[in-house]
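# Notes for the structure review
Listed here are the chains, written in short residue letters.
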Amino acid sequence: MVRTRIRLFGAMLIAGATALATLAVAQPRKPGSKPAKPPAAAKADAAAPAPSAAEDTAAAAGDAGAPTASATSEIPSQAPETSGDGGVRPSPLNPTAQEMPGNVDGGAPPPDYDRLLADIAALRARVAAVSDNLYQSRVAIALQTDGDHGKIARLTVSLDDGVVYTAPPTFIANDLTTVYDHAVAPGRHAITVDVDRKDDRDEAFRTSQRNRFTVDVPRDNRLEVQVKVIDDSNMGKDFPADKNGRYDLRFRVRAVAKPVGK
């Protein structure tokens, strides 16, 4: 009987201890209580540095099959196109050494422009001679200057945009003076007279004019073109005295055609 009571009392103690342990585990942690110490393995993982964003990207690229740095460095770079002598091929737009200023013809002296002008004049003479044999029609250009104080500083005559006459310095033609007379193809031609004049009383007063006119040369005819340059300017005299003057430079052109041989 006594043993039965002891056993019953011991079973009650065990059941009470078990209930107290269950309540202790289920009860929440009170504020201010110290957290439990992590295990040693957790401490080791926390001490290790976290991987950076670059390392994560590299790892992801490696997993995706992208080439690594060592694999990329093994790809050979494309070499620039080179010329036969081992240098970089120059642009075809760059001038060569022979084309640079001062290196014409490998450093040869500059061309003789006076000789070139003489050759051009000789060529024009040959063309005029050939024209004389090919055509019967002709054109003759005559000049006359009118003006007491208006002096010619420069005067040129062109036929179809080619200069056929250049007046000498201080050119004066008180009467009609033929400056060009050659055979031409029949039909229309353009004559241009370009003149610069100056006042002999004060050469600071100058004026220029360029006149272009068209003529028609009949077949087997000689067309005489008479150009009169009239200068009645008074700027060199009146303007310095009373600050009042005028330029009056004008052209008068007449064309007369006559059958050749008459």
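Note: the structure precedes this text.
Below is a summary of the structure that appears in this document. (Residues numbered from 1 in each chain as written. Predicted model: local features only at pLDDT ≥ 70, side-chain atom pairs only at ≥ 80, totals over all residues. Heavy atoms only, no water.)

### Notes on the overall build of the protein chain
Applied cut-off: By the criteria applied, helices consist of DSSP H or I runs no shorter than four residues and strands consist of E runs no shorter than two, each listed in order from the N terminus. Residue burial is assigned from relative accessible area. The probe radius is 1.4 Å, only protein chains are included, and a residue is buried under 20% of its type maximum, exposed over 50%, and partly exposed in between. A 1.4 Å probe and the Shrake-Rupley method give the accessible areas. Residues count as covered only by the protein chains that appear here.
For the protein chain, the helix and strand inventory stands at six helices and eight strands. For the protein chain, with 262 residues in total, the buried portion stands at 21%. Total accessible area computed for the protein chain in this model is approximately 19300 Å², and 56% of it derives from carbon and sulfur atoms.

### A look at the packing of aromatic side chains
What counts is decided by this rule: Classification of ring pairs uses Phe, Tyr and Trp, with its six-membered ring standing for Trp, and accepts pairs whose centres are within 6.5 Å; under 30 degrees between planes counts as stacked, over 60 as edge-to-face, and the remaining range as tilted.
Using the criterion set out here, one finds one aromatic pair in the structure. The interplanar angle of 65° and the centroid separation of 6.3 Å between the aromatic rings of tyrosine 165 and phenylalanine 171 together place this pair among those described as edge-to-face. Assigned by exposure class, tyrosine 165 and phenylalanine 171 land together as buried.

### Concerning the side chain of threonine 207
Counted only if it meets this: Whether two residues are in contact is decided by their heavy atoms: any pair within 4.5 Å suffices.
When you line up the elements, threonine 207 lands in strand E6 (residues 202-217). Setting aside residues up to four positions removed in sequence, threonine 207 forms contacts with Val195, Asp196, Arg197, Tyr247 and Leu249.

### A look at the sheet that holds E6
This is how the line gets drawn: Two strands qualify as a pair provided that DSSP identifies no fewer than 2 bridges between them. Fitting a line to C-alpha atoms yields each axis, with helices limited to the stretch in contact; the angle taken between N-to-C directions then spans 0 to 180 degrees.
Spatial ordering of the open sheet is given by E3-E2-E5-E6, a layout of four strands whose pairing is antiparallel. The strands lining the two open edges of the sheet, one partner per strand, are strand E3 (162-166) and E6. Ignoring which end each strand starts from, the neighbouring axes of this sheet average 20° apart. With nine bridges connecting them, strand E2 (residues 150-159) and strand E5 (residues 187-199) associate as antiparallel partners. Looking at E5, one finds that valine 157 is bridged to valine 193.

### Quick notes on the pattern of salt bridges
The condition is simple: In what follows, salt bridge is the name for a side-chain nitrogen of Lys or Arg lying within 4 Å of a carboxyl oxygen of Asp or Glu.
Using the criterion set out here, one finds nine salt bridges in the structure. For arginine 154, the salt bridge is made with aspartate 194, and the minimal N-O distance between the two is 3.5 Å. Here the residue arginine 154 occupies a position in strand E2, and aspartate 194 occupies one in strand E5, the gap between them amounting to 40 residues. Here aspartate 194 falls in the buried class, since its relative accessible area comes to 17%. Of the charged contacts, one joins arginine 222 and glutamate 224 as a salt bridge, the two residues approaching to 3.9 Å between their closest N and O atoms. Several salt bridges share partner residues, and in doing so they unite Arg138, Asp181, Arg222 and Glu224 into one network.

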